[in-house]
Amino acid sequence: MDTRFIASQTVEMVVSEQPIPIQHYLRQPQRLVNALAASSQIEQLGDELFRLKMRPLSFMMLSLQPTVDMRVWTEPDGTVHLHSVACEIRGVEYINQRFSLNLVGKLQPQQVNGTTLLWGKADLEVRVEMPPPLMFTPRALLETTGNGLLKSVLLTVKQRLMHHLLADYYKWAASESEIETPIQSPLLSPNTPIA
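Within each chain, residue numbers correspond to sequence positions counted from 1 in written order. Owing to the predicted nature of the model, reporting of local features is limited to residues with pLDDT of at least 70; listing and counting of side-chain atom pairs is limited to 80 or more, with chain, interface and lining totals taken over all residues. To obtain the side-chain values, all non-hydrogen atoms of the structure were used and water was disregarded.

Enquirer: Can you break down the side chain of Thr-3 residue by residue, with the values?
Expert: In this fold, Thr-3 is placed in strand E1 (residues 2–15). For this analysis, residues touch if any pair of their heavy atoms sits within 4.5 Å. Other than its neighbours up to four places away in sequence, Thr-3 contacts Val-126, Arg-127, Val-128, Met-130, Arg-139, Leu-142 and Glu-143. Going along the chain from the N terminus, every DSSP run of H or I of four or more residues is numbered as a helix, and every run of E of two or more is numbered as a strand.

Enquirer: I'd like a description of the side chain of Thr-116, backed by residues and values.
Expert: Position of Thr-116 among the secondary structure elements: in strand E8 (residues 115–129). Note on Thr-116: relative accessible area 10%, which makes it buried. Residues adjacent in sequence count toward polar contacts only when both atoms are side-chain atoms; beyond that, a polar contact is any pair of N or O atoms within 3.5 Å, and within protein one must be able to donate a hydrogen and the other to accept it. One polar contact links Thr-116 to Gln-111, side chain to side chain, over a distance of 2.7 Å. In this structure, Thr-116 is in contact with Met-13, Val-14, Val-15, Ile-22, Gln-110 and Gln-111, ignoring residues within four places of it in sequence. The buried label goes to any residue with under 20% of its type's maximum accessible area, the exposed label to any with over 50%, and the partly exposed label to all in between, with areas taken from a 1.4 Å probe on protein chains only.

Enquirer: Explain the nonpolar core to me, and be specific about the residues and the numbers.
Expert: Buried Ala, Val, Leu, Ile, Met, Phe, Trp, Tyr and Cys residues form a nonpolar core when they are joined through side-chain atoms within 4.5 Å. In this structure, Leu-118 and Leu-165 are the most contacted members of the largest nonpolar core, which totals 52 residues. Take this core: its biggest share by element is eleven residues, from helix H4 (residues 139–180). Leave out the neighbours within four places in its chain, and Leu-118 touches Val-11, Glu-12, Met-13, Val-15, Ile-22, Leu-26, Leu-107, Gln-108, Pro-109, Leu-165 and Leu-166.

Enquirer: Explain the layout of surface pockets to me, and be specific about the residues and the numbers.
Expert: Estimated volume of the largest pocket: approximately 950 Å³. What lines the largest pocket is a set of 46 residues, among which Met-54, Leu-124, Val-153, Leu-154 and Val-157 lie closest to the centre. Secondary structure elements with two or more residues in the lining of the largest pocket: E1, helix H2 (29–36), strand E4 (57–59), strand E5 (62–74), strand E6 (80–90), strand E7 (99–112), E8 and H4. Amino acids outside the nonpolar list (Ala, Val, Leu, Ile, Met, Phe, Trp, Tyr, Cys, Pro) and the charged list (Asp, Glu, Lys, Arg) are all regarded as polar, and Gly is one of them. Residue composition of the lining of the largest pocket, by class: 33 nonpolar, eight polar and five charged. Grid points spaced at 1 Å and placed over the protein atoms alone form the basis of the search, with a cavity being a set where a 1.4 Å probe fits but cannot get out and a pocket an open set showing protein on both sides within 12 Å along at least five of seven lines. Lining residues have an atom within 4 Å of a point. Grid points are joined across faces, edges and corners, and a volume is the space filled by probe spheres set on the points.

Structure representation (structure tokens):
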């Protein structure tokens, strides 16, 4: 018996004006991925491909550790797309062989009344055939528990994104603008004649 769990999460953040627009920052997908999870949980597999090792999750009487391979890419306007391409469940082989995960996310900069906003949405769907010990658990209980678990996973990702992404962008914009602005020597003012 296949059971389906779903969760969605949206995010909206106001971006303070910086010397370098956030669209330039968003064209570096690895920075976004690093804002989603700790670096110890992420492995870069290719230019746009990342493996995320999630922390172990408890579901009913099972302990599961999902590993998700994600493709992350950016459009010229700075819109970032995230799509799961593979998944593995460590801990319970029965579930690993009967499990599918679909994660679709999008984060895009928007101008609203002269203010830059980052707007995002993530949809997570899991389909799984329950192992024998859980087959007789009422479907409504399974779905409520599973949907709640997925919602908490997305909420954790959202909170981390809101906390880390803008802080990293501000730090990056400051360091990039320092590189682009040549530092004037205090010994030579623009009006000092050179002998």
